[in-house]
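# Secondary and tertiary structure notes
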Amino acid sequence: MRLENKKILLIIGGGISAYKSLDLIRLLQKKGSSVKVVLTKSGKKFVTSLSVSSLSKNRVFEEMFDEKNKGKIDHISLSRWADLILVLPTTANFMSKLSKGGADDLASTIILASNKEVFLVPAMNVRMWLHKATQKNLNVLISYGYKFIGPEDGEMACGEYGKGKMSSPRQILSFLEKFFRKKDLLKKKKISAIVTTGPTKEYIDPVRFISNESSGKQGYEIALELSRLGIKTTLISGPTKLTYSSDVKVKEVVSGKEMFEAVKKKLPTHIAVCTAAVSDFKPLSIKKNKIKKDSKITEIKIEKNPDILGYLGKNNRYKPKLLVGFAAETEDLIKNSIKKMQEKFCDIIVANDISNKEIGFNSDLNEVTIVDKSGKTQKIKKSSKKFIASLIAEKIVDTFLLNEKSLN
Ligand code: CTP
């Protein structure tokens, strides 16, 4: 079921493990998937176009500019056709090319133009894999959102032993089955989510406001990841400098009150993730005209903003099935975060140490610990907000599906 009618675009790279791609094509076909293959120039040195086309029962794509295929732009049409792109084997050289955004052949151009999930299956000598350059490229590729299958520990074609061995076709198959099972389940259940993000601006007069440095990036990346997993997601965002992709629906707001109203309008929702740095306080009233320097004003009266996460947690009628909060803390990170999780009735809290200026607010990097209701913690060391978002989204989805299962 899980792989039935799935469309897999397989890019065969240039490495000795390329021969295993033939076995994988056969296994995928047996499970009911359709497979189209792009054979790279170096891939052709290891497998022939004839064996690939006979097995895949499709023509094999090799050239960027194909005379036979007039009127069709292969790098776009193939990527749009696919449910998923798989690069097997992914060589050190191909990782290097992708990390720089290179697009000098059909395979790399497809990936750069793709709007689909891309899975890279590395295979190389252990020294090549562990080389600082490859590890640096690995981190860049993860931060771009590429997913990796393997490599495994084992004996390599060169006779050396270590990490670098390509995952076997069966391991890859089971990885893909798990991926599609989750995706299909989420699609079938028609899950909806809201994610709040960014700062809020609380105006004092027409030109002055109370706000903070939140960039909104972490929440935006989480919303993207949830949408990518097939969850109908709305991002409710305070004022940020982000350029939002059309992959996620965005509702822009300015003040905490507006954010609160926008959230309420979206209820009921299955999942709510509150990442926004809502200003805790707002002026009691907004002056209609700019406060002049020579005005006799000595104080600005403030009041509390609604606590959106707190409201969702206590909402008996519309409490989301899964509620995720963030905790911005400068001391006693885990202790304070757990306290917040309990006070606001969350299922998961993401503890964020904001005392480190190099990460968090306004940075592309973050370091967080995901804590769930059972007290289980998962620390994610300094990495890109995109990568962190993928792990948070995974935790959200897994917890949601587990809760659903225990209810049924
Ligand atoms: N939050 C919210 N609405 C608010 C304030 C906070 O939804 N008015 C949410 C945040 O989005 C976050 C969580 O509550 O998910 C915790 O926010 P944080 O700023 O860490 O804590 P506060 O609750 O504001 O408490 P304090 O500032 O005292 O730590």
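All residue numbers refer to positions counted from 1 along the written sequence of the respective chain. Per-residue local features are limited, in this predicted model, to residues with pLDDT of at least 70; the limit for side-chain atom pairs, both in listing and counting, is 80 or more; totals at the level of whole chains, interfaces and linings are taken over all residues. Think of the side-chain values as coming from all heavy atoms in the structure, minus any hydrogens and water.

### Observations regarding the pattern of salt bridges
Throughout this description, the term salt bridge denotes a Lys or Arg side-chain nitrogen within 4 Å of a carboxyl oxygen of Asp or Glu. For the structure on display, the rule yields 24 salt bridges. Here Asp23 and Arg26 are joined by a salt bridge, their closest N and O atoms 2.7 Å apart. A residue pair is termed a helical-turn pair when its members lie 3 or 4 positions apart in one helix, as Asp23 and Arg26 do in helix 1 (residues 20-30) at three residues. Summary of the burial criterion: residues with accessible area below 20% of their type's maximum are buried, those above 50% are exposed, and those between are partly exposed, where the area comes from a 1.4 Å probe applied to protein chains only. With relative accessibility at 37%, the residue Arg26 sits in the partly exposed group. Bridged by salt links that share partners, the residues Glu117, Lys147, Glu225 and Arg228 form one connected network. Helix and strand definitions here come from DSSP, where helices need a minimum of 4 consecutive H or I residues and strands a minimum of 2 consecutive E residues; each element is numbered from the N-terminal end.

### Thoughts on the sheet that holds strand 3 (residues 60-61)
Strands in a sheet are paired, the pairing made by backbone hydrogen bonds, and the direction either parallel or antiparallel. Read from one edge of the open sheet, six strands run 3-2-1-4-5-6, paired in parallel fashion. Each edge of the open sheet is held by one strand with a lone partner, namely strand 3 and strand 6 (147-148). Strand pairing is defined by DSSP finding a minimum of two bridges between the two strands. Where strand 1 (residues 7-12) and strand 4 (residues 84-90) come together, five bridges link them in parallel fashion. Paired with Ile8 across the strands is Leu84, a residue of strand 4.

### Overview of the nonpolar core
What is meant by a nonpolar core is a set of buried Ala, Val, Leu, Ile, Met, Phe, Trp, Tyr and Cys residues, joined one to another through side-chain atoms within 4.5 Å. One finds Leu226, Ile231, Ile271, Val273, Ile392 and Ile396 to be the most contacted residues of the largest nonpolar core, which totals 33 residues. For this core, the leading source of residues is helix 13 (residues 385-407), giving nine residues. For this analysis, residues touch if any pair of their heavy atoms sits within 4.5 Å. Setting aside its immediate chain neighbours within four residues, Ile392 contacts Ile222, Phe326, Val350 and Ile370. Counting residues in hydrophobic clusters, the runner-up holds 28 residues, among them Ala18, Val37, Leu86 and Ile172.

### A word on a nonpolar patch on the surface
A cluster of nonpolar side chains, namely Phe281, Ile297, Ile300 and Ile302, defines an oily patch on the protein surface of about 340 Å² accessible area. Tracing the chain through its elements places Ile302 in strand 16 (residues 302-304). Residues qualify for a patch when their relative accessible area is over 30% and they have no salt bridge, like charges being joined within 9 Å and the nonpolar side chains of Val, Leu, Ile, Met, Phe, Trp and Tyr within 5 Å. Values of accessible area rely on a 1.4 Å probe in the Shrake-Rupley scheme; residue burial ignores everything except the protein chains shown.

### Examining the domain arrangement of the chain
How far each domain reaches was decided by an automatic or database domain assignment. Looking at the assigned domains, one finds that the chain contains domain 1 (7-185) and domain 2 (190-407). A straight line from the C-alpha centre of domain 1 to that of domain 2 covers 36 Å. Contacts between domain 1 and domain 2 engage nine residues on the former and 11 residues on the latter. Overall, the association of domain 1 and domain 2 removes approximately 880 Å² of surface from exposure, summing both partners, and the carbon and sulfur fraction of that is 58%. Our count for the contact surface shared by domain 1 and domain 2 stands at two salt bridges. Residue Asp398 is joined to Lys182 by a salt bridge in which the shortest nitrogen-to-oxygen separation is 3.0 Å. N or O atoms closer than or at 3.5 Å make up a polar contact, with two conditions inside protein: a donor-capable atom paired with an acceptor-capable one, and, for residues adjacent in sequence, both atoms drawn from side chains. Joining domain 1 to domain 2, the criterion identifies two residue pairs in polar contact (both at pLDDT 80 or more). When residues of the side of domain 1 that touches domain 2 are traced back to their parent elements, those giving at least two are helix 7 (132-143) and helix 8 (169-189). Ranked by the residues each element gives to the side of domain 1 that touches domain 2, the list is headed by helix 8, at three residues. Partitioned by chemical class, the residues of the side of domain 1 that touches domain 2 number three nonpolar, two polar and four charged. By buried area we mean the combined loss of accessible area, with a 1.4 Å probe, across both parts when two parts are placed together. Each residue is assigned to one of three groups, with Ala, Val, Leu, Ile, Met, Phe, Trp, Tyr, Cys and Pro labelled nonpolar, Asp, Glu, Lys and Arg labelled charged, and all others, Gly among them, labelled polar.

### Some details on the packing of helix 1 against helix 8
Viewed as axis vectors pointing N to C, helix 1 and helix 8 meet at an angle of 40°, and their least axial separation amounts to 9 Å. In this view, helix 1 runs oblique relative to helix 8, as classed from their interaxial angle. At the point where helix 1 passes helix 8, the crossing takes the right-handed sense. In this structure, helix 1 contributes Lys20, Asp23, Leu24, Leu27 and Leu28 to the contact, and helix 8 contributes Pro169, Arg170, Ile172, Leu173 and Leu176. A fitted line through C-alpha atoms serves as each axis, taken over the contacting stretch for helices, and the angle formed by two N-to-C directions is quoted from 0 to 180°. Under this scheme an angle from 65 to 115 degrees is roughly perpendicular, one under 35 degrees roughly parallel, and one over 145 degrees roughly antiparallel; angles in between are oblique. Crossings are sorted by hand: turned counterclockwise from the far helix by less than a right angle, the near helix makes the crossing left-handed, and turned clockwise it makes it right-handed.

### Here's the deal with the pairing of strand 18 (residues 348-353)
Counting buried positions along strand 18 yields five of six residues, so the element is predominantly enclosed. As judged from the five bridges shared by strand 18 and strand 19 (residues 365-372), these two strands associate in the antiparallel manner. Residue pairing across strands places Ile348 opposite Asp372, the latter belonging to strand 19.

### Regarding the site of the ligand
Close to the ligand lie 15 residues, the nearest being Cys274, Ala276, Phe326, Lys340 and Lys344. Leu309 has a polar backbone atom sitting 2.9 Å from an oxygen atom of the ligand. At 2.6 Å from an oxygen atom of the ligand is found a side-chain nitrogen or oxygen belonging to Lys340. When the free accessible area of the ligand is taken as 560 Å², the share hidden by the protein chains comes to 77%. Broken down by element, the residue count for the shell around the ligand peaks at four residues, all from strand 17 (residues 322-329). Classifying every residue of the shell around the ligand gives nine nonpolar, two polar and four charged. A cutoff of 4 Å decides nearness: a residue is near a molecule or strand if any of its heavy atoms lies inside that distance of it.

### Digging into the packing of aromatic side chains
In this analysis, rings of Phe, Tyr and Trp, with Trp reduced to its six-membered ring, are considered paired at centre separations within 6.5 Å, and the interplanar angle assigns stacked below 30 degrees, edge-to-face beyond 60, and tilted for intermediate values. This structure, assessed with the given rule, holds six aromatic pairs. Each ring, one from Phe119 and one from Phe175, has its centre 5.6 Å from the other, and the planes form 80°; the classification is edge-to-face. Of the two residues, Phe119 sits in strand 5 (residues 117-122) while Phe175 sits in helix 8, which places them 56 residues apart along the sequence. Relative accessible area serves as the criterion here: at 33%, Phe175 is assigned to the partly exposed category. Judged by centre distance (4.9 Å) and plane angle (90°), the ring pair of Phe260 and Tyr311 falls under edge-to-face. Separated by 51 residues along the polypeptide, Phe260 in helix 10 (residues 256-265) and Tyr311 in helix 11 (residues 308-314) bring together distant segments of the chain. Taking the relative accessible area as the measure of exposure, Tyr311 reaches 29% and is therefore partly exposed. Through a chain of ring-to-ring contacts, three or more aromatic side chains come together here, namely Phe119, Phe175, Phe179 and Phe180.

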